[in-house]
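Coordinate analysis (summary)
One letter stands for each residue in the lines below.
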Amino acid sequence: RQHTLRKAGAALRIRRGGKRLEQTLKLPADGPVGMQNNEEWNATVKGDQPDLQLYPGRVRRRLQRSRHALRLRPIFTTEIERSTRVLRRRGTRVELALDRGRILGHAVTPREQPVCEVELELLKGDPRVMLDIAMELAESQHLQPLYQSKAMRGYMLARPALRPARFKALDVPLDVGMSVGEAFEAIAGEALRHLQANKQLVIDGLPGGIHQSRVAMRRMRAALRAFKSILPYDKRKAFNGELRWFQARLAPARDWHVFLTETLPRVGRKADPELIERLRKLALRERRRATAEASELLQGRRFVRLLLQFQRWLLALEADHGELFDRPLKPFALTVLDKTRRDLLQDMRPLSRMSEEDRHTLRKNGKKARYATEFFSGLWEGEHTKRYLKLMETLQDQLGVANDAVVARMVLASLSPRSLDHAGLLLVQDWSKAREVQAVRKGQPLWRKVQRATPFWG
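Below: a short report on this structure. Everything numeric here is computed off the predicted structure, so don't read it as measured data.

As for the overall build of the chain
The helix and strand tally for the chain stands at 13 helices and six strands. Considered along the principal axes of its C-alpha atoms, the chain spans approximately 75 × 60 × 50 Å. Here the chain holds 458 residues, and 44% of them are scored as buried. Taking contacts inside the chain between residues at least 6 apart in sequence as the whole, the part at least 24 apart equals 70%. Carbon and sulfur atoms provide 49% of the accessible area of the chain, an area that totals close to 25000 Å². For the chain, the distance from the average site of its 88 positive side-chain charges to the average site of its 53 negative ones is 3 Å.

A few points about empty space enclosed by the protein
In this structure the tally under the stated criterion is one cavity of 30 Å³ or more. Its boundaries defined by the atoms lining it, the largest cavity holds a volume of some 30 Å³. Contributing to the lining of the largest cavity are Asp255, Val258, Phe259, Thr263, Asp404, Val407, Ala408 and Val411. Where the lining of the largest cavity is concerned, the elements lending two or more residues are α7 (233–267) and α12 (383–413). Broken down by class, the residue content of the lining of the largest cavity amounts to five nonpolar, one polar and two charged.

Quick word on the environment of phenylalanine 184
Relative to the assigned elements, phenylalanine 184 resides in helix α5 (residues 180–203). Note: C-alpha distance between phenylalanine 184 and phenylalanine 227 (43 residues apart in sequence) is 7.2 Å. Excluding residues that lie within four positions of it along the chain, phenylalanine 184 makes contacts with Gly189, Ala223, Leu224, Phe227, Leu231, Trp313, Leu314 and Leu317.

Quick look at the pairing of strand β5 (residues 92–105)
Two elements, strand β4 (residues 76–89) and β5, share 14 bridges in a ladder whose sense is antiparallel. From the neighbouring strand, arginine 88 faces β5, where its bridge partner is arginine 93. In this antiparallel pair of consecutive strands, β4 and β5, the connection spans two residues, and arginine 90 shows a positive phi of 50 degrees. Pairing geometry for β5 and strand β6 (residues 111–124), over 13 bridges, is antiparallel. When the sheet's bridge partners are listed, arginine 93 is paired in β6 with lysine 124. In sequence, β5 turns back onto β6 through a hairpin of five residues.

Here we look at the pattern of salt bridges
Where charged atoms from two side chains of opposite charge come close, those side chains can pair. As enumerated under the stated definition, the model contains 30 salt bridges in all. Residue arginine 102 is joined to glutamate 112 by a salt bridge in which the shortest nitrogen-to-oxygen separation is 2.9 Å. With arginine 102 in strand β5 and glutamate 112 in strand β6, this residue pair connects regions lying ten residues apart in the sequence. Of the residues examined, arginine 102 reaches a relative accessible area of 29% and is grouped as partly exposed. Across the salt bridge formed by arginine 370 and glutamate 374, the nearest N and O atoms sit 3.1 Å from each other.

With respect to the packing of helix α6 (residues 207–226) against helix α11 (residues 356–376)
Between α6 and α11, the shortest axis-to-axis distance is 10 Å and the interhelical angle comes to 80 degrees. The angle between α6 and α11 falls in the class roughly perpendicular. Contacts between α6 and α11 involve Val215, Arg218, Arg219, Ala222, Ala223 and Arg225 from the former and Lys367, Lys368, Tyr371, Glu374 and Phe375 from the latter. Of the residues contributing to the contact of α6 with α11, the split by class is five nonpolar, no polar and six charged.

Calculation criteria
- Residues numbered from 1 in each chain as written.
- Predicted model: local features only at pLDDT ≥ 70, side-chain atom pairs only at ≥ 80, totals over all residues.
- Heavy atoms only, no water.
- Helix = DSSP H or I, 4+ residues; strand = E, 2+ residues; numbered from the N terminus.
- Buried < 20%, exposed > 50% of the residue type's maximum accessible area, 1.4 Å probe, protein only.
- Contact = heavy atoms within 4.5 Å.
- Areas by Shrake-Rupley, 256 points an atom, 1.4 Å probe, with all protein chains shown as cover.
- Lys, Arg positive; Asp, Glu negative; His and termini not counted.
- Charge placed at Lys NZ, Arg CZ, Asp CG, Glu CD.
- 1 Å grid on protein atoms, 1.4 Å probe; cavity = no way out; pocket = protein on both sides within 12 Å on 5 of 7 lines; lining within 4 Å.
- Points joined across faces, edges and corners; volume = space filled by probe spheres on them.
- Nonpolar A, V, L, I, M, F, W, Y, C, P; charged D, E, K, R; others polar.
- Pairing = 2+ DSSP bridges.
- Salt bridge = Lys/Arg side-chain N within 4 Å of Asp/Glu carboxyl O.
- Axes fitted to C-alpha atoms, helices over the stretch in contact; angles between N-to-C directions.
- Parallel < 35°, antiparallel > 145°, perpendicular 65-115°, else oblique.

Okay, here's the thing in structure tokens:
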């Protein structure tokens, strides 16, 4: 009832193999980037009732801090037929399992989810070889990587409230003892995890997943920019180009969602309700269309290829570029932070004297500087660092308000003249221009503070 195992990231199952019953406990562990990495303990049992006492005390303590015994009850069941085969390639052994069946949630209203999936498990050897196999399967059979375990899907079936609307990025703690290579692996690996986590949400048509996917792509591109002086040119340019391509094509779904949920309620405060209702129906239709396109896009081979190739590149980085893992991080971080701040301050005119295009350039340079400062801020501690990061964030937020106002009239201008009556277009245009002026006025003091601020890195 309290989902103690789920909160510990644990999966506990009893599986029948012939006449034998085997109980397995899995707990999260460190491992290759982008993969489900677990420690696993197995024990033979005589019945269907799980028994945690079969595991060592150190393992049980990872599940809970209380001394009271866990009172376990099933909240979902997996009915799976599994066929397995061991693949051997270049000294690496990979188990390929074909699972077919269903997951049953034991909620008040029972729910089920069909299962038909291929699972690859690294038994021994190089994880890059396993990824090569995964890429071959994805190309030949048009398979989709699934980044949710059966246990997590079971928990969500049993308790629908656990179904997330989005996954946000996690902080990446860096320290001065790290190398440049280790720092890039950590930052890019978290951005990849962030993108993987939101992929299914985009496929399911959830706007929060679309927004967070674009944020993840932006963070991946920011990492490639921050470390561009030490990364191979061809790989960096290729991945950056692909990420930019997908980011742009997810934008309409995000823009229409913002228009529908944030812009239109503000526009409609003093407007004709009938006119607002017509705009709302139009925005709903366009969001539905753009969201369907985003869902289809992330199910395509091109996106699957991008995810797997980026993951494999990260796994191979130390073997291919070992010198990056001997280079100290902090001097490199100082150079990056100085450069991104210089780029940000290239045009120091007041915001009111900048064109929309100039402010957009400032906003992009601000994102680069903000992500770089967030990436490396852990190398400097103290209130000064927190205040500087907050100032950068607040300026970006205000520039974002101005940008959303501009986008509001751009999305309507992208429609055919037959789709929208003239009164609706004028209403949004007038609101947009007034909102933009207001955001610029509020943003100017922040922009001046950023110009005068003393960076926390000295």
